[in-house]
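Structural features, examined
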Amino acid sequence: MVGLEGRSQMQLRSEAVTAGVARAPHRSLLKADGITDEELKRPLVAVFNSRNDVIPGHNNLDKIAEAVKAGIYMAGGVPFELSTIGVCDGIAMNHDGMHYSLVSREVIADSLECAVQGHAFDALVCIPNCDKIVPGMLLGALRVNIPTVFVSGGPMLAGKQPGGCGPSTDLNTLFDGAAAVQQGSMTVEELKHYEDMACPTCGSCSGLFTANSMNCLCEALGIALPGNGTVPAVYSERIRLAKHAGMKVMELLERGVCMRDIVNAAAVHNAMECDMAFGGSTNTVLHLTAIAREAGCPVTMDDWDAASARTPHLVKLQPSGPRPLSDLYEVGGVPVVMHELAKLGLLDRTAVTCMGPMDDYLASCTKPADGEVCRSHDNPFSPVGALRVLHGNIAPDGAVVKKSAVDPSMMKHTGPARCFDSEEAACAAIYAGEIVSGDVVVIRYEGPKGGPGMREMLTPTSAISGMGLSTSVALITDGRFSGATKGPAVGHVSPEAAAGGPIALVKEGDQVTVDIEGGALTLHVSDDELSRRREAFRLPAPKHDHGVLAKYAKLVSSADKGAYVS
């Protein structure tokens, strides 16, 4: 209605009639969907769903979508379900499929922008669940910038050990177990038990891996209701949450609160604080950096380093600790973590959430930290954050390690470089027993451009762990890691090898130091020698010369910029 005050009623009536005539074709097509005149007077709301049959975290999203649509309809809107793709990182792991995982983030963002803008919806509810689908939808929703709420499909319940005793199990148990069988410390029969029991329900894999990290961060960003990241997929509470998400988006529409009103610099700050406090996947650094750029409030690796230095580590879930994500749900979820951070003054209280102002949101959280699953702010697991940024002559623009998942004995490690130009070559050497205690495994040409697609290195890190080397061997790569990765695994090395980064100049046997406490990644080679190597260096030919991977390799930024495509 802005700007209408100065026009006569006759002019307004004339414009309304003209608009009504012009919209007749649109109304006719919607009526072909079965929409009535009465419904056409209501707001039209997109329900953007990533449901499919292959991803365990997504095969229950039909139920979530039906609940969201019910909530929208109860609150006076008309829902329209749309679909997008997804790639399961676990199924794509350790073969060519993993090249497509990070690429899918951009495809999902593009598809959301096309579908929602193309049909001029009034509001949007996004239903993601797994790794790249959550940030892909976030990027797309920021572009269309209409009232938006996120509601995930929820995490999987954890599996059980034989006899029901001992720590819970998850997908990572299988990756570690495959290497343990290779080494002889686990039988094929034991592995088969985990194969059958480690992933017992639908939902995103049960630890604080990338999917659950991002779904928790949706709460911290303010665009998801409390419980989005932690209510198990199989609980009826998840259906009720989805209905409330549908109702909530109608409330945001009535108040005129759009995506960028919520996801701004204050929200990104709060998400970074929460990420450090609950020790999420290193992939969150990649995704939040890209999200911040799309939101118009870019962050740098130095910003991440500062967040790590000031934020205590309050939650230690699998793979960093023994507890599954469901334990965090039992003690109050993400709101409890945010409440503890607020006590330290680490949250930006100017942030707006889908629940209202941050102060109102915090006031609604009355459950104190239990002291075990979520430590109190004055008794953290560590006074600094769970992720650590490293710099040095191998990574001038930075690299990232999940410090909380590293054994104390490996916080500083120096050893000879064992260099591999692909994940496959490294895995072959690990399984063949060619990697020994003290080594530093270097995997390169796996970055955003060089991969292309920045593959996750869960298989080599799990192989190192399964071979009993996680407390004596470090790994560095310009690729990235699954949230399930543990040990001194340093990823996102920037610039990457395919961009001529120094990691391409490391030679077999060079001494390398990984100093996590000191924030340093050092190649013990003189500057003169590095200059000679650089003069002789020639980039290898691109691995893909056609299709989406070739296009992606030409357009993608480096990891320290969020592997953003523009």
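Owing to the predicted nature of the structure, the values given are computational and were not obtained by experimental measurement.

1. Observations regarding the sheet that holds strand β3 (residues 123-127)
Read from one edge of the open sheet, four strands run β2-β1-β3-β4, paired in parallel fashion. Both outer strands of the open sheet, β2 (78-83) and β4 (148-150), are each paired with one neighbouring strand and no more. Sheet twist, expressed as the mean angle between neighbouring strand axes with direction ignored, is 20°. Pairing of strand β1 (residues 44-49) with β2 involves six bridges; the strand directions are parallel.

2. Some details on helix α4 (residues 61-74)
An ideal rise of 1.5 Å per residue puts 20 Å on 14 residues; α4 measures up with 20 Å between its terminal C-alpha atoms. Along α4, the residues that are buried comprise L61, I64, A65, A67, V68, K69, G71 and I72. Contacts made by the buried residues of α4 are with β1, β2, β3 and α11 (236-255). Positioned one or two residues after α4, G76 has a phi angle of 100°, which is positive.

3. Quick look at empty space enclosed by the protein
For the coordinates displayed, the defined rule picks out three cavities of 30 Å³ or more. In this structure, the largest cavity occupies an estimated 230 Å³ of space. Looking at the largest cavity, it is lined by 25 residues, and the ones nearest its centre are G90, D131, L171, C205 and F209. Listing elements by their share of the lining of the largest cavity, those giving two or more residues are α5 (89-92), α8 (171-183) and α10 (210-221). Taken together, the residues of the lining of the largest cavity break down into 13 nonpolar, nine polar and three charged.

4. Remarks on the packing of α10 against helix α13 (residues 265-278)
Here α10 crosses α13 at 135°, and the two axes come no closer than 8 Å. Relative to α13, the element α10 lies oblique. Where α10 crosses over α13, the handedness of that crossing is right-handed. Residues S213, C216, L217, A220 and L221 of α10 form the contact with α13, whose participating residues are A267, V268, N270, A271, C274, D275 and F278. Looking at the contact of α10 with α13, its residues break down into nine nonpolar, two polar and one charged.

5. Notes on a nonpolar patch on the surface
A cluster of nonpolar side chains, namely I85, Y100, V107 and V548, defines an oily patch on the protein surface of about 300 Å² accessible area. Of note, Y100 is situated in the loop between α5 and α6 (101-118). Taking the relative accessible area as the measure of exposure, Y100 reaches 38% and is therefore partly exposed.

6. Here's the deal with the nonpolar core
Grouped together as the largest cluster of nonpolar side chains are 109 residues, with contacts concentrated most on L124, L138 and F150. The leading source of residues in this core is α13, at nine residues. For F150, the residues in contact, after removing those within four places along its chain, are C126, P128, V134, M137, L138, A141, C218, I223, A224, L225, N228 and M259. Ranked by size, the runner-up nonpolar core spans 31 residues in total, among them L390, V401, V490 and A498.

7. What to know about the pattern of salt bridges
Summed over the entire model, instances satisfying the criterion amount to 34 salt bridges. Close ionic contact of K403 with E517 constitutes a salt bridge, the shortest N to O distance being 3.1 Å. Note that K403 is positioned in the loop between β8 (398-402) and β9 (412-420) and E517 in the loop between β13 (511-515) and β14 (520-523), a separation of 114 residues in sequence. The partner of E508 in a salt bridge is R418, and the shortest N-O contact between them spans 2.6 Å. Of this pair, E508 sits in the loop between β12 (489-494) and β13 while R418 sits in strand β9, and the two are 90 residues apart along the sequence. Assessed through its relative accessible area of 48%, E508 is described here as partly exposed. R418 gets classed as buried once you look at its relative accessible area, which sits at 17%.

8. Regarding the pairing of strand β10 (residues 440-443)
Along a regular strand, successive side chains alternate from one face of the sheet to the other. Residues V440 and V442 line one face of β10 and the alternating positions V441 and I443 line the opposite face, and both faces are buried. Alignment of β9 against β10, held across four bridges, turns out to be parallel. From the neighbouring strand, R418 faces β10, where its bridge partner is V441. The pairing of β10 with strand β11 (residues 474-477) spans four bridges and is parallel. In the strand pairing of β11, V442 is matched with I476. Following the backbone out of β10, through helix α20 (residues 458-466) and into the adjacent parallel β11, one traces a crossover that is right-handed.

9. Structural notes on the layout of surface pockets
Computed from the structure, the largest pocket encloses a volume of approximately 550 Å³. Taken together, 16 residues make up the lining of the largest pocket; nearest its centre are H26, L30, L44, H119 and A120. Secondary-structure elements contributing two or more residues to the lining of the largest pocket are α2 (24-31) and β2. Among the elements that make up the lining of the largest pocket, the one with the highest residue count is α2 (four residues).

10. A word on unusual backbone geometry
A cis geometry characterises the amide bond from Q318 onward to P319, with omega recorded as 10°. As for its placement among the helices and strands, P319 is situated in the loop between α15 (301-310) and α16 (325-330). Of note, the bond from G451 into P452 is cis; its omega dihedral lies within 30 degrees of zero at -20°. Unusually for a residue other than glycine, A120 sits at a positive phi of about 50°. By the element assignment, A120 lies in the loop between α6 and β3. With a phi angle near 60°, Y445 is a residue other than glycine that sits in the positive phi range. Summarising the element assignment, Y445 is placed in the loop between β10 and α20.

11. Some words on the environment of E330
The residue E330 is located in helix α16 in this model. Assessed through its relative accessible area of 49%, E330 is described here as partly exposed. It is 9.9 Å that separates the C-alpha atoms of E330 and D370, two residues lying 40 residues apart in sequence. The contact partners of E330, leaving out residues within four places of it in the chain, are Y235 and K367.

Parameters and conventions
Residues numbered from 1 in each chain as written. Predicted model: local features only at pLDDT ≥ 70, side-chain atom pairs only at ≥ 80, totals over all residues. Heavy atoms only, no water. Pairing = 2+ DSSP bridges. Helix = DSSP H or I, 4+ residues; strand = E, 2+ residues; numbered from the N terminus. Axes fitted to C-alpha atoms, helices over the stretch in contact; angles between N-to-C directions. Expected span 1.5 Å × (residues − 1). Buried < 20%, exposed > 50% of the residue type's maximum accessible area, 1.4 Å probe, protein only. Contact = heavy atoms within 4.5 Å. 1 Å grid on protein atoms, 1.4 Å probe; cavity = no way out; pocket = protein on both sides within 12 Å on 5 of 7 lines; lining within 4 Å. Points joined across faces, edges and corners; volume = space filled by probe spheres on them. Nonpolar A, V, L, I, M, F, W, Y, C, P; charged D, E, K, R; others polar. Parallel < 35°, antiparallel > 145°, perpendicular 65-115°, else oblique. Left-handed = near helix turned anticlockwise from the far one by under 90°. Patch = residues over 30% accessible without salt bridge, like charges linked within 9 Å, V, L, I, M, F, W, Y side chains within 5 Å. Areas by Shrake-Rupley, 256 points an atom, 1.4 Å probe, with all protein chains shown as cover. Salt bridge = Lys/Arg side-chain N within 4 Å of Asp/Glu carboxyl O. Core = buried A, V, L, I, M, F, W, Y, C linked by side-chain atoms within 4.5 Å. Right-handed = clockwise from strand over helix to strand, strands pointing away.

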